[in-house]
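Summary of the model geometry
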Amino acid sequence: MASVSLKNIYKKYAGGVTAVSDFTLEIEDQEFIILVGPSGCGKSTTLRMIAGLEEITEGELYIGDRLVNDVAPKDRDIAMVFQNYALYPHMTVFDNMAFGLKLRKTPKDEIKRRVEEAARVLDIVHLLERKPAALSGGQRQRVALGRAIVREPKVFLLDEPLSNLDAKLRAQMRTELSKLHLRLGTTFIYVTHDQTEAMTMGTRIVVMKDGFIQQIDTPQTLYSKPANVFVAGFIGSPQMNFIDATLAEKDGKVCIEFGDDNNHYSIAVPSAEKAAQLKDYIGKEVVFGIRPEDLDDDPETIAKATDGVIDCDVEVTELMGAETYLYLVCAGNSMTARVAPTSTLRAGDKTKIAIDLNKIHLFDKETEVAIFN
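Residues numbered from 1 in each chain as written. Predicted model: local features only at pLDDT ≥ 70, side-chain atom pairs only at ≥ 80, totals over all residues. Heavy atoms only, no water.

A short note on the sheet that holds strand 13 (residues 264-268)
Hydrogen bonding along the main chain pairs the strands of a sheet, whether they run parallel or antiparallel. Taken in spatial order, the six strands make up an open sheet running 13-12-11-14-20-21, and their pairing is antiparallel. This sheet does not close on itself; its edge strands, each paired only once, are strand 13 and strand 21 (370-372). Along the sheet, successive strands turn relative to each other by an average axial angle of 40°, direction set aside. Relative to strand 20 (residues 361-364), strand 14 (residues 285-290) runs antiparallel, the two sharing four bridges. From the neighbouring strand, Val286 faces strand 20, where its bridge partner is Asp364. (Pairing = 2+ DSSP bridges. Helix = DSSP H or I, 4+ residues; strand = E, 2+ residues; numbered from the N terminus. Axes fitted to C-alpha atoms, helices over the stretch in contact; angles between N-to-C directions.)

Written out as structure tokens, the structure is:
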């Protein structure tokens, strides 16, 4: 097995386009790393540079202790699983899985052993004599994974492998991939634009935007302590609510002020430690962030709250089964609340909403960097 080390990697194309800038990441042996971000952020380009399918413009790439910048893809001891499966339609499942081994002149009995073992792991033994046209999307994806597994590579590279599957199958395959990673004990580097996949599968997540790394952290830390506005908005569904606000000092307390002439709110920062971090921002504009689940319409919670209760108009309600999403407007700001399924609020209602003041996030208005979480 192997670690992967990327040191100050750049990818520049002719015409001055830089797809990836100063990408530095240490991936430990057997880690499940996810590269996530919107389309065009450079995540697939980074994966293709690790695979050797794209040339590295600047920087150094190590697999294990070996510098592989100029090593051919076939000699890097990696296996890649693509979004479109890339199966040969005229070959059986067995032959598709065995193809790479045959090219390497692997003995026949060894090929048979490896293919049958991978088929058992992926539960596709009964499909070995079929051709891809007779398989469902999920089965084709398993065959593509099987073809990678039989190579017994040091590193697996997966480029949006679940994006062609329906929602139910995607959820099922997420679980299967996590199990597979544990069973194989191999390094996985996985690219996706789906933050749900990233949050549920990765040991660490690399959030990218415009070719730059925004934050590298565990799923829980990314969620609770985002480094900037972009990460805060990208990780989490529904996304974090953002409100333009100003900081003021009142009666010795630091207050977050927002709203309009009709509804003006001044919410005191409850933590003395956090208030102390804000001294330099008094009188300045900030971005106030609060996650949907930290807004509550429960009358008991509202009655107990001494601060942080706001008046909202309900625009739309969505009952999701285990929870309800309320789409609200407060003093001209659109917000989403994630509340109990027992909520009786409907479109057109006016309501009070309690903010969990221990869960507020503040960001610098100019740099968008987190002041505190």
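Some words on the side chain of Thr192
You can see Thr192 is positioned in strand 8 (residues 187-192). On the basis of relative accessibility, which here comes to 1%, the residue Thr192 falls in the buried class. Filtering out sequence-adjacent residues up to four positions away, Thr192 remains in contact with Ile34, Leu35, Val36, Gly37, Lys43, Glu160, Glu197 and Ala198. (Buried < 20%, exposed > 50% of the residue type's maximum accessible area, 1.4 Å probe, protein only. Contact = heavy atoms within 4.5 Å.)

Observations regarding the packing of helix 4 (residues 137-149) against helix 5 (residues 167-184)
One way to put it is that helix 4 packs onto helix 5 with a least axis distance of 12 Å and a crossing angle of 15°. As far as their axial angle goes, helix 5 and helix 4 are roughly parallel. The chirality of how helix 4 crosses helix 5 is right-handed. On the side of helix 4, the interface is formed by Gly138, Gln141, Arg142, Leu145 and Ile149, while helix 5 contributes Leu169, Gln172, Met173, Glu176, Leu177, Leu180 and Leu184. Here the residues of the contact of helix 4 with helix 5 sort into seven nonpolar, three polar and two charged. (Parallel < 35°, antiparallel > 145°, perpendicular 65-115°, else oblique. Left-handed = near helix turned anticlockwise from the far one by under 90°. Nonpolar A, V, L, I, M, F, W, Y, C, P; charged D, E, K, R; others polar.)

A closer look at the sheet that holds strand 18 (residues 333-339)
On the basis of which strands lie adjacent, the open sheet formed by five strands has the order 15-19-16-17-18 and antiparallel pairing. Sheet topology places strand 15 (295-296) and strand 18 at the edges, where each strand pairs with a single neighbour. Direction of pairing for strand 16 (residues 309-319) relative to strand 17 (residues 324-330): antiparallel, over a ladder of six bridges. The residue bridging Thr317 from the neighbouring strand is Leu326, located in strand 17.

What about the pairing of strand 10 (residues 212-217)?
Alignment of strand 9 (residues 204-209) against strand 10, held across five bridges, turns out to be antiparallel. The residue of strand 10 that forms the bridge with Val207 is Gln215. The antiparallel pairing of strand 9 with strand 10 creates a hairpin that spans two residues between the two strands, and Asp210 there sits at a positive phi of about 50°.

Remarks on the state of the cysteines
Inspection of every chain in the model, using the stated rule, returns zero disulfides. Take Cys312: it sits in no disulfide, and the sulfur closest to it among the cysteines is that of Cys330, at 4.4 Å. For Cys330, a relative accessible area of 0% gives the class buried. (Disulfide = S-S within 2.5 Å.)

Here's the deal with helix 1 (residues 43-51)
Side chains that are three or four residues apart share a direction in an α-helix, a result of its 3.6 residues per turn. Of all nine residues in helix 1, seven are buried, a share of seventy percent or more. Of all the positions in helix 1, only Lys43, Thr45, Thr46, Leu47, Met49, Ile50 and Ala51 are classed as buried. Positive phi shows up at Gly52, right after helix 1, with a value of about 90°.

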